[in-house]
Amino acid sequence: MILKLPLKPQALTILGSTGSIGTSTLDVVARHPNLFSVFALTGASKVDLMLEQCLRFKPIYALMVEDAPAKQLEALLQSKGSKTQVLRGAKNLDELASHPDVDTVMAAIVGAAGLSSCLAAARAGKRLLLANKEALVVGGELFLSEVRTGGAKLLPIDSEHSAIFQSLPEDSSTWRECVEKIILTASGGPFRSRSPDTLHLVTPAEACSHPNWVMGQKISVDSATMMNKCLEVIEAHYLFGLDPSKIDVVIHPQSIVHSMVEYKDTSVVAQLGTPDMRVPIAYGLGWPNRIESGAKPLHFQTTPPMSFEDFDSNEHRARFPGLLLAWEVLKATPGSPAVLNAANEIAVHSFLAGKIGFTQIHEVNLRTLELFVPSAPHTLEDLLELDARARQTALQVISELV
Ligand code: NDP
Ligand code: MG
């Protein structure tokens, strides 16, 4: 089937344009000036990078969350004669995500801070490219119901989930009975072979140096603890509507196979490629077409041998105790994934600030889950309150640890 490319460029809001996913998105966008126009860019702290992006992509709006960076950006843009209008404040993120002139929203803010704008885009029926996995982990069923009622199209950007999406048949009404399980691959991060006894010595710099991917600090630490894979199991549960027992993880250090679907007849369909986030980003931007991503093609003749190992061995359980929490919180009271996410965001922040050790991230997550049993959230306000109270509990746990 030959699919027609749209005649009018897709108007994009890129939430978190100054981050790792945001800059990769703009890299892909720049390769296709006829397909995309940039309506709005948003950032938090990186004024110089936002200035550069505004001068190059000429968005109608640029938003910085806090006042001081917004003022700075406004002055710089004015001095360059730019017509881009500067906005400030988290509330305006929702406006830019749901604006009637926007077709597609790239959700690339890090953490639960991106939840409200994701829900706004979903409610407004946008094509929603979801990198911000924490938003779905926290939003859960409420997020999905906003997508359904708003008529939004949710497309995964996380490489594993994009791989699963690409490995499932197009007709989503038939595949459920045919799928035995999905298998998320995990690189194992920088500490896959490190002795568990020495993990308490890990520094933030060591935790942030991932062997295969260059990413923002928070997801880098999550990859080092494998909490990233924990969040991804939860993300997969919501995205594909699969029982947690049908979601498996395998460690694949080379990050070439991005994830797989095993069918009832034992056939396994996988998506492969070089580890470069521009591939799933280009897939999301171009879907249902395929567009150039700028990534290097995979050369099988020179690709290093691919290996796979069990994540559930005794040694990996000792290294990565957080991963198993995914299946536990999905069985627990609704709202538990949001509690785990909040605790983890606080713990990672405290680790990066040098307040707690690497292995204490898991202690904080576990203890917060023990202390704070949520009541089921039904609205965005419920979720935000739950998130705030779980953060308070995690901070309390940290104050008792240090
Ligand atoms: P970065 O830290 O590199 O970027 C985060 C972006 O969000 C930046 O634009 C940052 O602004 C902005 N931001 C930070 N805090 C806030 C806030 N409170 N309110 C509004 N905006 C904020 O993260 P990544 O790009 O690595 O990750 C983004 C999301 O994508 C995460 O959820 C991550 O899990 C997911 N993801 C990332 C992958 C990757 O390869 N990086 C792969 C798969 C998923 P500023 O920089 O100006 O401070
Ligand atoms: Mg991923």
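Residues numbered from 1 in each chain as written. Chains lettered and ligands numbered in written order. Predicted model: local features only at pLDDT ≥ 70, side-chain atom pairs only at ≥ 80, totals over all residues. Heavy atoms only, no water.

A. Region of interest: the pattern of salt bridges. Applying the stated criterion across every chain, the model contains 24 salt bridges. Salt-bridge contacts for Arg31 lead to Asp27; the nearest nitrogen and oxygen are separated by 3.0 Å. Residue class for Arg31 comes out partly exposed when judged on its relative accessible area of 36%. Overall, the relative accessible area of 28% leaves Asp27 in the partly exposed class. Across the pair Arg123 and Glu146 runs a salt bridge whose closest N-O atoms are separated by 3.2 Å. Taken together, the residues Arg123 in helix H5 (residues 115-123) and Glu146 in helix H6 (residues 133-150) connect sequence positions 23 residues apart. Take Arg123: its relative accessible area is 43%, and that puts it in the partly exposed class. Note on Glu146: relative accessible area 15%, which makes it buried. Here the salt bridges share partners, and the residues they tie into one network are Lys133, Asp158, Glu160, Lys229 and Glu232. (Salt bridge = Lys/Arg side-chain N within 4 Å of Asp/Glu carboxyl O. Buried < 20%, exposed > 50% of the residue type's maximum accessible area, 1.4 Å probe, protein only. Helix = DSSP H or I, 4+ residues; strand = E, 2+ residues; numbered from the N terminus.)

B. Summary view of the packing of aromatic side chains. Counting across every chain of the model gives 6 aromatic pairs. Three or more aromatic residues joined by ring pairs make a cluster, and in this case those are Phe165, Tyr283 and Trp287. Across from the ring centre of Trp175, 4.3 Å away, lies the NZ or CZ of Arg176, which sits over that ring. (Phe/Tyr/Trp six-rings, centres within 6.5 Å; stacked < 30°, edge-to-face > 60°. Lys NZ or Arg CZ within 6 Å of the ring centre and 35° of its normal.)

C. Quick look at the sheet that holds strand E11 (residues 268-272). Strand order in the open sheet made by the 5 strands is E11-E10-E8-E9-E12, with mixed pairing throughout. Whereas interior strands pair on both sides, the edge strands pair on one side only; in this sheet they are E11 and strand E12 (309-310). Relative to strand E10 (residues 257-263), strand E8 (residues 179-186) is paired through 5 bridges, and the arrangement is antiparallel. Within E10, the position partnered with Ile182 by the bridge is Val261. (Pairing = 2+ DSSP bridges.)

D. Just the environment of Ser116, in detail. Summarising the element assignment, Ser116 is placed in helix H5. The sequence separation of Ser116 and Phe143 amounts to 27 residues, and the corresponding C-alpha distance is 9.7 Å. Discounting residues that sit within four places of it in the chain, Ser116 has contacts with Asp94 and Leu380. At 2.7 Å, the side chain of Ser116 forms a polar contact with the side chain of Asp94. (Contact = heavy atoms within 4.5 Å. Polar contact = N/O pair within 3.5 Å; in protein donor to acceptor, adjacent residues only side chain to side chain.)

E. Inspection of the pairing of strand E3 (residues 61-64) at higher detail. Burial of the side chains of E3 extends over both faces: Tyr61 and Leu63 are buried on one face and Ala62 and Met64 on the other. Pairing geometry for E3 and strand E4 (residues 85-88), over 4 bridges, is parallel. Following the sheet pairing, Tyr61 is matched in E4 by Gln85.

F. Representation of the domain arrangement of the protein in the model. Taken domain by domain, the protein holds domain 1 (10-157), domain 2 (169-274 + 300-318) and domain 3 (332-402). Here domain 1 and domain 3 have C-alpha centroids that lie 26 Å from each other. Contacts between domain 1 and domain 3 engage 10 residues on the former and 11 residues on the latter. Across the interface of domain 1 and domain 3, roughly 780 Å² is buried in total on both sides, 73% from carbon and sulfur atoms. Between domain 1 and domain 3 we count 0 salt bridges in total. (Domains from an automatic or database assignment. Buried area = accessible area lost by both parts, 1.4 Å probe.)

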